[in-house]
Amino acid sequence: MADEKKKVVALLSGGLDSQLAVRMMQEQGFEVSAVAIKTPFCDFDCGRGCGFEIRERADDLNVNLKTVYLGDEYIEMLKHPKHGIGAGFNPCVDCRTMMFDAAKKHMEEIGAEFIISGEVLGQRPMSQHAPSLRTIEKDSGLIGKIVRPLSAGLLPETDPEKNGLIKRENLGMIKGRTRRAQLEMAKKYGIENPPNAGGGCLLTDPTFGLRAKDLFSHTETPTINDIDLLKVGRHFRLDEQTKFVVGRNKDENEMIKAIALPDDILLQARDHMGPVSILRGKNADMHVKFASSITLRYSDAPKGMQSTITISKNNITNEITAEHAEEESYIKFRI
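Keep in mind that this is a model prediction, so the values were computed, not measured.

Draft legend 1. Quick peek at the overall build of the chain. Helix and strand content of the chain: 12 helices and 11 strands. Its C-alpha atoms put the chain at 80 × 40 × 35 Å along the principal axes. Across the 335 residues of the chain, 51% fall into the buried class. A separation threshold of at least 6 residues defines the contact pool for the chain, and within that pool the share at least 24 residues apart is 62%.

Right, here's the structure in full:
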């Protein structure tokens, strides 16, 4: 009887690099089991790059897929990331450590030999240079147990190499941000329509990062609902305890209505096309008149005339009249 295949666990993002890492290990005779991580800021189906069509990618690779959601614990980490944040609000080193922690649990559950990822040396400025890679291994308790097949020929020898499970000549020596080598490998492995480079994490986006920083600086423990509100609309900080968000299109208007909590205040022009706006916070009632005028400013209501705004809170609807806000009165509050 043939020997049973050795098992490895892959952190699978759905991007090209992680797919190639899986293919390289399968080519060397390993049975690969994948773990995909979802956070409040990176959805498998966000379409922004790394997480797109994750289940389809797993099927194409013929690997079992376990999905892990990092929710409240991820938000707790964001409050005080041990290794700081990047240019946006991205705690990449701490984030990757949490991902490898999840992969480690799966590795232990199925009796796998080691973990692989599609990380490329020097590709990401915060988490994929050599010192960060070592920090992630140390903090996740996986020193010697993480193999990065695309760049492993440039990295220190791992336990699987020392134990003869893999050979260095079968490992890649890719570094930097160019994708030329990966695209050539995609042809070799028959990976059609390789996904574009780019991360799916909203925290790396500078504009979103500003919103996230504002939220975490004004809310002791943000909720998933607070995070979801960050993803839509124009955002304004009216005071230390009050946030105001104005929808930008029909889809965002519907999302704002779905996100609204009982104590939130929803505003909308009664007789004109325009946004749904939301006031959230302890002092929300104090800002209704001002928020109404801003809501009108972004609607089709004629400038210089009073219009009616519907105000909804706790399933009770009232109406007030307001006029367009002048831009200089509110733009200073924009996040």
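Draft legend 2. Structural context of the pattern of salt bridges. Using the criterion set out here, one finds 20 salt bridges in the structure. A salt bridge links Glu119 to Arg148; the shortest N-O distance between them is 2.7 Å. With Glu119 in the loop between strand S4 (114–116) and helix H5 (130–139) and Arg148 in the loop between strand S5 (146–147) and helix H6 (159–162), this residue pair connects regions lying 29 residues apart in the sequence. As far as burial versus exposure is concerned, Glu119 and Arg148 are alike and both buried. Between Asp285 and Lys313 there is a salt bridge; the shortest N-O distance is 3.2 Å.

Draft legend 3. Examining the side chain of Ser299 more closely. Structurally, Ser299 is set in the loop between helix H11 (288–297) and strand S10 (307–313). In contact with Ser299, not counting residues within four places along its chain, are Ala269, Met273, Gly274 and Pro275.

Draft legend 4. Examining the sheet that holds S5 more closely. A sheet is described by the order of its strands in space; here 5 strands give the open sequence S3-S2-S1-S4-S5, paired in parallel fashion. Pairing within the sheet leaves two strands with one partner each, and these edge strands are strand S3 (64–69) and S5. As defined by bridge partners, strand S2 (residues 31–38) adjoins S3 across 6 bridges and the pair is classed as parallel. Bridging from a neighbouring strand, Ala36 pairs with Thr67 of S3.

Draft legend 5. Representation of the confidence of the model for the chain within the structure. With 95% of its residues at a pLDDT of 70 or more, the chain shows a mean pLDDT of 93. Taken as a whole, residues 45–51 scores under 50 in pLDDT and shows 21 contacts with residues more than four places along the chain or in a different chain.

Draft legend 6. Spatial organisation of the sheet that holds strand S11 (residues 316–322). Strand order in the open sheet formed by 6 strands is S6-S7-S9-S8-S10-S11, with antiparallel pairing between adjacent strands. Lying at the two open borders of the sheet, with one neighbouring strand each, are strand S6 (234–239) and S11. Direction aside, neighbouring strands of the sheet carry axes that sit 25° apart on average. The pairing of strand S8 (residues 265–269) with strand S9 (residues 276–281) spans 4 bridges and is antiparallel. Counterpart to Gln268 in the pairing with S9 is Val276.

Draft legend 7. Expanded view of the nonpolar core. The biggest cluster of nonpolar side chains holds 37 residues, and the ones touching the most others in it are Ile37, Phe41, Tyr74 and Leu203. Sorting the residues of this core by element identifies strand S1 (7–11), S2, helix H3 (72–79), helix H4 (92–110), helix H8 (206–218) and helix H9 (224–230) as the ones contributing at least two each. The element best represented in this core is H4, accounting for 9 residues. When near neighbours in sequence (up to four residues on either side) are disregarded, Tyr74 contacts Thr39, Pro40, Phe41, Pro91, Cys95, Met98 and Leu203. Core analysis: the next-biggest nonpolar cluster, separate from the first, contains 20 residues, Ala21, Ala34, Ile54 and Ala152 among them.

Rules behind the numbers
Residues numbered from 1 in each chain as written. Predicted model: local features only at pLDDT ≥ 70, side-chain atom pairs only at ≥ 80, totals over all residues. Heavy atoms only, no water. Helix = DSSP H or I, 4+ residues; strand = E, 2+ residues; numbered from the N terminus. Buried < 20%, exposed > 50% of the residue type's maximum accessible area, 1.4 Å probe, protein only. Contact = heavy atoms within 4.5 Å. Salt bridge = Lys/Arg side-chain N within 4 Å of Asp/Glu carboxyl O. Pairing = 2+ DSSP bridges. pLDDT = per-residue confidence, 0-100. Axes fitted to C-alpha atoms, helices over the stretch in contact; angles between N-to-C directions. Core = buried A, V, L, I, M, F, W, Y, C linked by side-chain atoms within 4.5 Å.

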